[in-house]
Amino acid sequence: MTATTVTRAERDTFAARVHARAVRRVARYVGSVTLVIGAVFWGIFLVVTVAVPLIVRQAGGVMGGGAMTGAEYAAPWFALSLGTIALATVVVPHLAAGGTRRSMFVGALVAALVAGVAYGVAAMLLLLVERSLFGALGWEWEQLGSGLDAGDAWLVVSGAGTAIGVAVYMLVGMAAQATYRTNGVWRGTALLLPGLALLVLVDHATRSGAFADALGGLGLVGDQPAGAGLLLALVVLALAAAWLWWQLRVLRLRPTR
Amino acid sequence: MTPAPFGARLDDVVVRFGAQRRLTADGTAVKDEAGTALDGVTLDLRPGVITGVLGRNGAGKSTLLTLLAAFNRPTEGTVRVGAGDLLEDPWENPWVTANVQLVRESGDLMDDERVSETFKYYADLRPYWDADLAERLLDTFEVNPRKKPTALSRGKRSAVGATIGLAARAPLTILDEVYLGMDAPTRYAFYDEILADYAEHPRTILLSSHLVEEVERLFEDVVVLHRGKVLLAETAEEMQARGFSLTGPVAAVESLAGGRRELHRQRLGATVQVTLEGAPDGDTAAAARAAGVELGSLPLQDLFVRLTQPQQADGTSGAEVRR
């Protein structure tokens with residue numbers, strides 16, 4: 001290793017290269033955590049989706065809707081938890097290893113989008129499996145969960161809704177982790193509210209999830225065209241990304257001794 | 001391409017923290033008090049030397065060091081880090097952060113992953129990471145890389161941090177009390193590794209430690225912080241010229257000491273060692289030799305204690321005396 005004087009151009013090239021490497025590393029770490037553990041999650045729901053109707057059939061019963069709806073409810077919260085844990089694990093080593101908050105954000109965003117797409121595809125596959133199984137058992141199948149008016153495109157709309165919802169929940173989970181680090185317990189808890197609002201909004205936009213049920217139960221929402229719902233969900237996704245960046249950009253690692 | 005060793009400049013830097021209650025990794029709530037960690041710090045850190053950053057608990061050492069690595073940013077003032085004329089704000093600056101390695105006492109490891117996973121992360125981000133050195137140091141410090149940090153003793157965890165600091169080969173390497181928990185043989189092995197690697201791969205090293213006697217031999221420059229301010233920032237040579245020690249029979253030493261200001265005194269039977277302010281003149285040196293009194297250099301620890309002790313007999317603080 002021979003130390004040299006560096007020109008401005010060399011400096012800029014170096015900075016761009018290390019930024020790209022840092023983004024890839026965060027995306028790989030957070031993405032692999034959510035995909036590997038997510039595979040277990042979806043594997044369990046695949047077993048449940050297939051086993052529950054067979055058990056009910058064996059007992060002589062008939063199901064009105066499948067078990068897959070449980071996955072649709074649980075997947076976003078699962079992603080939120082994984083996002084929180086993954087960021088908690090990686091954020092300090094990332095900064096200590098020379099990464100910036102910006103590279104942390106971009107890598108986390110990429111990971112959230114990849115996880116969203118992967119979970120969305122998994123949800124579509126499970127829906128197809130469940131519908132086929134119901135058909136084979138001679139039962140009538142009805143999709144529970146998403147309330148977007150999608151017609152023949154119900155499968156794609158369901159998958160897209162799940163993908164966007166999962167990505168939003170994951171980004172909000174990571175933002176909550178960053179918020180607590182910077183602001184401590186009390187302010188950090190208060191700052192959960194904007195994130196919570198984003199969760200309510202995306203559930204409302206996709207007409208799926210616990211918050212959509214709660215709003216529907218209060219009679220506050222009606223049917224919504226799929227296009228409008230997904231468009232609104234994408235806007236919420238952008239807001240969730242902005243919220244994560246807002247929290248990461250001010251992240252300070254205070255001396256703890 | 002490895003840039004030249006990095007230096008740094010701080011101008012009128014103030015860092016204030018608000019009170020904060022936070023949760024630790026084990027789930028307990030800890031309250032960090034509000035306060036001013038740094039109060040108008042102006043300081044030049046020379047590139048290419050080992051600088052000791054000293055101060056009592058709460059003096060602002062860790063806060064100062066975190067500014068250089070962009071863990072934090074100042075409330076007021078400016079921080080610039082870089083090589084040659086390219087001194088830049090480190091905050092969100094990948095050129096600077098990739099060339100600055102701060103290792104804190106905690107080691108900043110992935111607690112839920114094996115040590116080897118943390119090292120892979122550092123290897124991917126650190127442009128000059130030396131995997132062979134990392135492996136050899138872990139072997140030297142007897143750390144099993146397949147263990148998770150939570151399964152390591154405090155000393156082993158510190159050794160992992162020390163390994164990261166050296167293997168990163170960053171042009172500015174900052175080691176903030178990384179020795180904590182290490183036993184004496186490990187600490188001395190660590191100091192030897194610092195010197196050996198520094199000689200082979202010159203860079204700037206900032207070393208913060210409370211074990212002043214152990215590490216002073218490493219220092220080329222010394223910065224002493226006290227209550228958020230810089231008390232002293234100079235070369236080790238200049239610092240040593242601030243005083244000297246006399247060791248020998250009590251009567252002879254008392255005679256030679258004369259009316260000089262005494263920084264420290266230690267007596268063992270008929271022998272006494274006193275540390276005195278100022279430089280010995282030729283007459284004193286000759287008289288010391290004639291009287292069988294050993295003339296020694298100023299122990300940094302004595303000066304440090306004197307500078308930072310809360311109250312002198314005359315009612316002034318060590319800092320006021322110095323200034």
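What you see is a predicted model; the values in this text were computed from it and never measured.

Structural notes on the UniProt feature "transmembrane region" (unreviewed entry) in chain A
All names here are of chain A. The UniProt record annotates "transmembrane region" (unreviewed entry) at residues 29–56, 76–97, 104–129, 153–172, 184–206 and 226–246. Annotation note: span residues 76–97, helix share 95%, strand share 0%, distance between end C-alpha atoms 30 Å. As a span, residues 104–129 carries 100% helix and 0% strand, and end to end its C-alpha atoms are 37 Å apart.

Things to note about the domain arrangement of chain B
Residues and elements named next belong to chain B. By the assigned domains, chain B splits into domain 1 (7–17 + 33–236) and domain 2 (239–322). Contacts between the two partners involve 13 residues from domain 1 and, on the opposite side, 9 residues from domain 2. Secondary structure elements with two or more residues in the side of domain 1 that touches domain 2: helix H7 (212–215), strand S12 (221–226) and strand S13 (229–235). Looking at the side of domain 1 that touches domain 2 element by element, the count peaks at 4 residues for S13. Here the residues of the side of domain 1 that touches domain 2 are counted per class, giving 7 nonpolar, 2 polar and 4 charged.

Description of the interface of chain A and chain B
With 35 residues of chain A at the contact, the number on the chain B side is 43 residues. Of all the secondary-structure elements, those providing two or more residues to the side of chain A that touches chain B are strand S1 (3–4), helix H1 (8–58), helix H2 (68–96), helix H3 (101–136) and helix H4 (154–190) of chain A. When residues in the side of chain A that touches chain B are grouped by element, the largest group, 9 residues, is from H1(A). Classifying every residue of the side of chain A that touches chain B gives 17 nonpolar, 9 polar and 9 charged.

Looking at the sheet that holds strand S5 (residues 35–45) of chain B
Residues and elements named next belong to chain B. An order of S5-S2-S7-S8 is seen for the 4 strands of this open sheet, with the pairing classed as antiparallel. With partners counted over all chains shown, the strands left at the sheet margins are S5 and strand S8 (86–88), one partner each. Looking at each pair of strands side by side, their axes are set apart by 25 degrees on average, direction ignored. Against the sheet, helix H1 (residues 61–68) makes contact with strand S2 (7–17), S5 and strand S7 (76–83), and its axis sits at roughly 60 degrees relative to S5, the strand it touches most.

Cut-offs and rules
Once a new chain begins, its residue numbering starts again from 1 and follows that chain's sequence as written. To label them, take the chains in the order written and letter them from A, then take the ligands in the order written and number them from 1. Selection of residues for local features in this predicted model requires a pLDDT of at least 70, selection of side-chain atom pairs for listing and counting requires 80 or more, and totals for whole chains, interfaces and linings are taken over all residues. UniProt positions are given in the numbering used here, feature names are shortened, and annotations may be inferred rather than shown by experiment. Segments assigned H or I by DSSP are reported as helices when at least four residues long, segments assigned E as strands when at least two residues long, and all are numbered from the N terminus. The domain limits used here are those given by an automatic or database domain assignment. It is the C-beta atoms, placed from the backbone, that decide contacts: two residues are in contact if theirs lie within 7 Å. Under the scheme applied here, ten amino acids are nonpolar (Ala, Val, Leu, Ile, Met, Phe, Trp, Tyr, Cys and Pro), four are charged (Asp, Glu, Lys and Arg), and all others, including Gly, are polar. Note on pairing: DSSP must find at least two bridges between two strands before they are called paired. Geometry is summarised by axes, namely lines fitted to C-alpha atoms with helices restricted to the contacting stretch, and by angles between N-to-C directions that run from 0 to 180 degrees.

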